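Residue-level structural notes
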Amino acid sequence: MLTQSTSTSSPVGRKVAPVPCSANDPFGVLTGHAGLIATEFSYRKDEEIYGEDEPAEYVYQVIRGAVRTYKLLSDGRRQIGAFHLPGDVFGLESGAAHRLAAEAILDTTLRLVKRKSLEQAAQSDVRVARDLWSITSGELQHAENHMLLLGRKTAMERVATFLLEMDRRIAKTGMIALPMCRRDIGDYLGLTLETVSRALSELQQQGVLGLSGARQIMLRNRERLADLEA
């Protein structure tokens, strides 16, 4: 069960409007429970949404834009834990504080629901409880896959895995329009910027992908990419 923080801090960003959640809203947090009230906030590129160890009083959903969650290591390096794209829910913690910090990758609009409200709704509505469980189990699976990627895969395997993940999540008309820069990708994969760029160039030379600018990628050979991922 979720535990509520006793802090009364408010989210930062520019408030847009309170919005009642409903089953007719494809971006409502845990849709189907009309008693939940969400508020939309907008954040500018690179603006902090919440910091590491800050009270986890809200659960967030991306409406537009993209978010990175990360941890700064003692030597100044940054490890990105996840990228959250439109429709994704994040900030749902097992404890009272956020384990990672969160920033907007580009201009982003989020929908926020108070954690206390979700906890109360889960006690009375099995659909909300089921959705909370689905979100939690999905985050656990992602964390396990990310741990395997960082611990066992080569640089090329990591890049291939990332491209296939983005292909599943955001590709439209065969094109992946990445919201994040290559430095972000490197910090997510545990690689340097140079290594990421070198791997992408090599895949382009092999005809596996086509690059149109720094963030536009066309996958031309998914089978080959899947072989590299394994």
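This section reports on the structure supplied with the text. Not measured: the values here are computed from a predicted model.

Some details on the overall build of the protein chain
A count of helices and strands for the protein chain gives six helices and twelve strands. Counting across all 230 residues of the protein chain, residues that qualify as buried make up 46%. Within the protein chain, contacts between residues at least 6 apart in sequence are counted, and of these 71% link residues at least 24 apart.

Focus on the sheet that holds strand 12 (residues 216-219)
Spatially, the three strands line up as an open sheet ordered 10-12-11, and their pairing is antiparallel. With one partner strand each, in any of the chains shown, strand 10 (175-177) and strand 11 (209-211) form the two edges of the open sheet. Averaged over all adjacent pairs, the angle separating strand axes in this sheet is 25°, with direction ignored. In the sheet, strand 11 pairs with strand 12 via three bridges, with the strands oriented antiparallel. Paired with Leu211 across the strands is Ile217, a residue of strand 12. On the sheet, helix 5 (residues 193-205) packs against strand 11 and strand 12 and is oriented at approximately 115° with respect to strand 11.

Here we look at the nonpolar core
Judged by nonpolar contacts, the single largest core of 33 residues is most densely connected at Phe162, Leu163, Leu178, Leu203 and Leu225. For this core, the secondary-structure elements that each account for two or more residues are strand 6 (78-84), helix 3 (155-170), helix 4 (182-189), helix 5, strand 12 and helix 6 (222-229). Among the elements that take part in this core, helix 3 stands out by supplying eight residues, more than any other. If we skip the residues at most four places from it in the chain, Phe162 touches Phe83, Leu178, Met180, Ile185, Tyr188 and Leu189. With 13 residues, the next largest nonpolar core counts Phe41, Tyr60, Val67 and Leu112 among its residues.

Structural notes on the packing of aromatic side chains
Within the structure shown, the criterion is met by six aromatic pairs. Put simply, the rings of Tyr50, Tyr60 and Phe90 touch in pairs and so form one group of aromatic residues.

Brief notes about helix 5
Its 13 residues place the ends of helix 5 18 Å apart at the C-alpha level, agreeing with the 18 Å of an ideal helix rising 1.5 Å per residue. Within helix 5, the full set of buried residues consists of Thr195, Val196, Ser197, Ala199, Leu200 and Leu203. Phi turns positive, to about 80°, at Gly207, one or two residues after helix 5.

Considering the pairing of strand 12
Burial of the side chains of strand 12 is restricted to one face: Ile217 and Leu219 are buried, whereas none of Gln216 and Met218 on the reverse face is. Relative to strand 12, strand 10 runs antiparallel, the two being bridged by three bridges. Note on strand 12: the bridge partner recorded for Met175 is Met218. From the end of strand 11 to the start of strand 12, which pair antiparallel, there are four residues, and Gly213 there has a positive phi angle of about 85°.

Procedures and definitions
Residues numbered from 1 in each chain as written. Predicted model: local features only at pLDDT ≥ 70, side-chain atom pairs only at ≥ 80, totals over all residues. Heavy atoms only, no water. Helix = DSSP H or I, 4+ residues; strand = E, 2+ residues; numbered from the N terminus. Buried < 20%, exposed > 50% of the residue type's maximum accessible area, 1.4 Å probe, protein only. Contact = heavy atoms within 4.5 Å. Pairing = 2+ DSSP bridges. Axes fitted to C-alpha atoms, helices over the stretch in contact; angles between N-to-C directions. Core = buried A, V, L, I, M, F, W, Y, C linked by side-chain atoms within 4.5 Å. Phe/Tyr/Trp six-rings, centres within 6.5 Å; stacked < 30°, edge-to-face > 60°. Expected span 1.5 Å × (residues − 1).

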